[in-house]
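For reference, the chains in residue letters:
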Amino acid sequence: MNSLNVLISVISNELGEDAKKVFEALLDEQDEITDEQLAQKLNMKVNDVRRALYELSRLNLTIYRRVRDKTTNWYVYYWRINTEELPSIILQRKRSVLRKILNRLEYEQNNQFFICPFDGSRYTFDEAYENGFTCPRCGGELQALDNSQVIEILRRIAERLQEEINIEEHKLSSSS
Amino acid sequence: MSTSSKLSAEELKAYNIIREESVKGGILQPELWKKLGINSKHGSRIILKLIKKGLVQRILVEHNGRRVYKLLTTTRSILVQKFNINLNLVSEIPCFLCREIDKCSLGNYFSPATCPKLTSYILTKLNHFSKT
């Protein structure tokens, strides 16, 4: 599957089927298109199309141009995919995800955890200490938790993401 | 402007096939001729018209040791070429399209330390990790 198809499937999973349909319809356009034309083309309600377009533009995947209609005096929005910026936007997003993974890794490395063997809830040392090392939910005795595997997984994910980002940053800067 | 306006029936048919095939990464010219049941001379004329109208783009690719044109619709064709970012790993991580990502940091209400979606992802990875 190419990167674009992966992006489409992520859009479908995270933003819903409407956003996927709208994104794919924009991919098939040669240029920009209004929300009303899109609704007609996709046989969808204009409101649903607009909602999907705003969701996509929140992530900077789509952009619009606003023009005032001289006859009605209303604004008409012409939408298109942010083709020029898309690779750098997605790369920026990838860097943000890496930062979250590194934050979580830092948290896992700097804390000692306890787990309730009965309901599986997890507490930091401070939380466990405050509750007298008993589970505040079920009263079970908390046990020390070895999070070395979690640390290892997060470290591997962070390393792989960093490697990918380094390569892609290089590619992007050499192509621009 | 709608893409399908002002096209002849044959051009529209060719364009629709290219559009459908673009989802899977494009279609090679000889395959399109077969699908349309026309020869390459006639087909090339149709494609040149579509290219002139900016609806279709062709990329030279190597197929079975021969150089042939692959046809794609435009915005998609631009992105297929330009967009080479590996999303296989990052797309599994829930932060990727999370709407709170800009508000999320250690100590905040939205935090990667306590995020249930991220925890659930790590646990799935942990199960996979302990099985292997």
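Residues numbered from 1 in each chain as written. Chains lettered and ligands numbered in written order. Predicted model: local features only at pLDDT ≥ 70, side-chain atom pairs only at ≥ 80, totals over all residues. Heavy atoms only, no water.

Asker: It is not clear to me how the state of the cysteines should be interpreted in this structure. Could you clarify?
Answerer: Think of a disulfide as a covalent bridge from one cysteine sulfur atom to another cysteine sulfur atom. Across all of its chains, the model carries zero disulfides over all chains by this definition. The thiol sulfur of cysteine 116 of chain A is not disulfide-bonded, and the nearest other cysteine sulfur, from cysteine 138 of chain A, lies at 3.4 Å. Overall, cysteine 116 of chain A belongs to the buried group, its relative accessible area being 1%. Cysteine cysteine 98 of chain B remains unbridged, with the sulfur of cysteine 115 of chain B as its closest cysteine sulfur at 6.3 Å. (Disulfide = S-S within 2.5 Å. Buried < 20%, exposed > 50% of the residue type's maximum accessible area, 1.4 Å probe, protein only.)

Asker: Would you take a moment to explain helix α1 (residues 9–22) of chain B for this structure?
Answerer: Owing to its 3.6 residues per turn, the α-helix aligns residues three or four sequence positions apart on the same side. Residue and element names in this part refer to chain B. Between its first and last C-alpha, α1 extends 20 Å over 14 residues, near the 20 Å set by a 1.5 Å rise per residue. Every buried residue of α1 is listed here: Glu11, Ala14, Tyr15, Ile17, Ile18, Glu21 and Ser22. Seen end-on, α1 carries its buried residues on one side only, within an arc spanning 160 degrees. Opposite the packed face of α1, turned more than 90 degrees from it, sit the exposed residues Ala9 and Glu20. (Helix = DSSP H or I, 4+ residues; strand = E, 2+ residues; numbered from the N terminus. Expected span 1.5 Å × (residues − 1). Arc of directions from axis to C-beta.)

Asker: Mind showing me how you'd approach the interface of chain A and chain B here?
Answerer: Often the size quoted for an interface is simply the accessible area lost on bringing the parts together. Listed by partner, the interface residues are 52 residues for chain A and 49 residues for chain B. Summing the contributions of chain A and of chain B, the shared interface buries around 4800 Å²; its carbon and sulfur component is 64%. Seen at the junction of chain A and chain B, the total is one salt bridge. Note that glutamate 55 of chain A is salt-bridged to arginine 99 of chain B, the shortest N-O span being 2.5 Å. In this structure, the connection of chain A to chain B is made through 11 residue pairs in polar contact (both at pLDDT 80 or more). For the side of chain A that touches chain B, the secondary-structure elements that each account for two or more residues are α1 (3–15), α2 (17–27), α3 (35–42), α4 (46–58), α5 (86–110) and α7 (148–175) of chain A. Broken down by element, the residue count for the side of chain A that touches chain B peaks at 14 residues, all from α5 of chain A. Its residues assigned to classes, the side of chain A that touches chain B comprises 23 nonpolar, nine polar and 20 charged. (Contact = heavy atoms within 4.5 Å. Buried area = accessible area lost by both parts, 1.4 Å probe. Salt bridge = Lys/Arg side-chain N within 4 Å of Asp/Glu carboxyl O. Polar contact = N/O pair within 3.5 Å; in protein donor to acceptor, adjacent residues only side chain to side chain. Nonpolar A, V, L, I, M, F, W, Y, C, P; charged D, E, K, R; others polar.)

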